[in-house]
Each structure stands twice: as C-alpha cells, then as structure tokens.
Amino acid sequence: MIIYINDKPCEAEVGDLLLHAAQRHNSHIGCICGGNGICQSCFVYIKEGAESLSQPSEEEKAFISEKLFQDGGRLACQTVITGAGTIKVLSRAENLRRIVIGLNVPGFITYAQTIGYNVLNKLPGGAANVVSRVMEGKLNPADSIGKIGNSIGYGARLAVHTATENLPILQIPLSVISGAAKGVFDTASGLVCTVSGGQLHLPGSTCSSHETQQTKPVESITITVK
Ligand code: FES
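Let me begin by describing the structure that accompanies this report. Note that the coordinates shown come from a computational prediction; the quantities given were computed from them, not determined experimentally. (Residues numbered from 1 in each chain as written. Predicted model: local features only at pLDDT ≥ 70, side-chain atom pairs only at ≥ 80, totals over all residues. Heavy atoms only, no water.)

**Comments concerning the overall build of the chain**
Then step 1. Secondary structure summary: the chain contains 8 helices and 5 strands in total.
Then step 2. Counting from the amino terminus, the chain carries its helices and strands in the arrangement β-β-α-β-α-α-β-β-α-α-α-α-α.
Then step 3. Out of the 226 residues belonging to the chain, those deemed buried represent 32%.
Then step 4. In the chain, of all internal contacts separated by at least 6 residues, the share reaching a separation of at least 24 is 60%. (Helix = DSSP H or I, 4+ residues; strand = E, 2+ residues; numbered from the N terminus. Buried < 20%, exposed > 50% of the residue type's maximum accessible area, 1.4 Å probe, protein only. Contact = heavy atoms within 4.5 Å.)

**Here's the deal with the pattern of salt bridges**
Two side chains that carry opposite charge are able to pair once their charged atoms sit near each other.
Then step 1. Per the stated rule, a full pass over the model turns up 10 salt bridges.
Then step 2. Here E58 ties to K61 by a salt bridge, and the two come within 3.6 Å at their closest N and O atoms. Here E58 and its partner K61 are both found in helix 2 (residues 58-63), 3 residues apart, which amounts to about one turn of the helix.
Then step 3. For E58, a relative accessible area of 53% puts it in the exposed group.
Then step 4. Classification of K61 by relative accessible area gives partly exposed; the value is 43%. (Salt bridge = Lys/Arg side-chain N within 4 Å of Asp/Glu carboxyl O.)

**Examining the side chain of S54**
Then step 1. Of note, S54 is situated in the loop between strand 3 (43-48) and helix 2.
Then step 2. Leave out the neighbours within four places in its chain, and S54 touches R74, Q78, T79, V80 and T82.

**Quick look at the packing of aromatic side chains**
Then step 1. All told, the structure shown has 1 aromatic pair when counted by the stated rule.
Then step 2. Taking the centre distance of 5.1 Å and the plane angle of 85 degrees together, the rings of F43 and Y45 count as edge-to-face. Like F43, the residue Y45 is buried in the burial classification.
Then step 3. The cationic tip of K88 hangs over the ring face of Y4; the distance from NZ or CZ to the ring centre is 5.8 Å. (Phe/Tyr/Trp six-rings, centres within 6.5 Å; stacked < 30°, edge-to-face > 60°. Lys NZ or Arg CZ within 6 Å of the ring centre and 35° of its normal.)

**Notes on a nonpolar patch on the surface**
Then step 1. On the surface, a cluster of nonpolar side chains totalling about 360 Å² of accessible area is made up of V100, V105, F108 and I109.
Then step 2. Here the nonpolar patch gets 3 residues from one element, more than from any other, and that element is helix 5 (residues 105-135).
Then step 3. Looking at where I109 falls in the secondary structure, it is placed in helix 5.
Then step 4. Under the relative-accessibility criterion, I109 is labelled partly exposed at 46%. (Patch = residues over 30% accessible without salt bridge, like charges linked within 9 Å, V, L, I, M, F, W, Y side chains within 5 Å. Areas by Shrake-Rupley, 256 points an atom, 1.4 Å probe, with all protein chains shown as cover.)

Set out below in structure tokens:
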C-alpha cells in the first residue's frame, strides 16, 4: 500500500511503524531517541486514515495532551499500520516549516500555544512514564544511548540526501566541484598578503604592509647618546 508522509508517497505494509515507513523513503520525521517514546521528535499529525492505525500507546498517552490527540497527534515511533486504507501524515517539523514559509502568523500563535500547553501539562507525566519504564526494566538506558547514536547517523544521512535532492549544485560531480574550488583558492591565495595574513594584493595598488616595510617608516624618532 502507499501512504503519504509530508505529501511524499511511501510504500508501506500492515504491521509497519509509521516512523520506519518514513525512514525507508527519506521522508523527514525526527527520531532523536531512536523510537523509545522519550523525545517526541517523531510527533506527527494524522491528516487522514486514523482508523487504519493502532490505538495510542501508554507512552503516547503520557506525552500527548487531549487537545493534540484531537488534532490528530501521534508519535510515529509508536504508531503501527493496522489496516489498508488511505493514510496521510504530516510531521511536526514540516507543519511548522509550512506555517513559517506561509508567513501564517495566527497559525504560528495557535501552534505555539498548543505546544506550550502540551509541554506544561504533559512533561511531568511523560517524565514519570520514562522513570517507571526504566525501573520496570522496559527501558534500558545503555540501549537507548545506542539508539540515539543510530538516530544521529540516520539524521546526517537524511540531511545529505535532502540537500542533494533539493540543491542542484550538489548534484555536480565532486571532481568538478573540487577543481573549481581549487581554482578559486589559488586565485584567492595569490591575492592575500603572506606577511600581514589579511591584507589584499589588489591589482593596481600595493599592499600597505609591504609598502610600509619597504619604502617609508611609520614615524621617526631621534636618539641622542651622551
Ligand atoms: S523517536 Fe523519540 S519519541 Fe518517537
């Protein structure tokens, strides 16, 4: 089946986590804690197809306010596709990007109020949820650190992929870029004064460092020896 994450079609199957479907297709959903239900960076809005998804987990209930649930809020690392159907998902980061790019001031104020309310009201419960999972042995801090490391690696790969996809200049072969860069560097290094390290040897004029050193003193003083 095809689901849509940030409007990007992604191949997915019943049983998939939304987060994994997004990662397989380089559709950006955050995952700082590596899917441990701690960081909320994988927060998404379900725009369509909530009936084809699992019920909210205890971790989601601990972190997400009723208001955000009503807006379709879920954690992608906790949400499993349970049935076929049209599913459309918008990540929090993409939602915010669209608000900012659209200069949607009222939308931004509503967004900030909702997130602020959620943080104030759910942070204590969310923290308690994490502590109780650690104490019950359901959450292993060492394992979590490993997952965070994996997430950072994934984030870096996604950033490179997104940059090359959206910035045509990065699709030029590396040899061409390095050749051009070398030419620019050679030209620039010939212009910079090696004595002052900063002044320029501009065409038609003389570097003031060299001019000062070679031709005229800065000032003169008279020394009298008795
Ligand atoms: S990835 Fe951290 S809560 Fe989902």
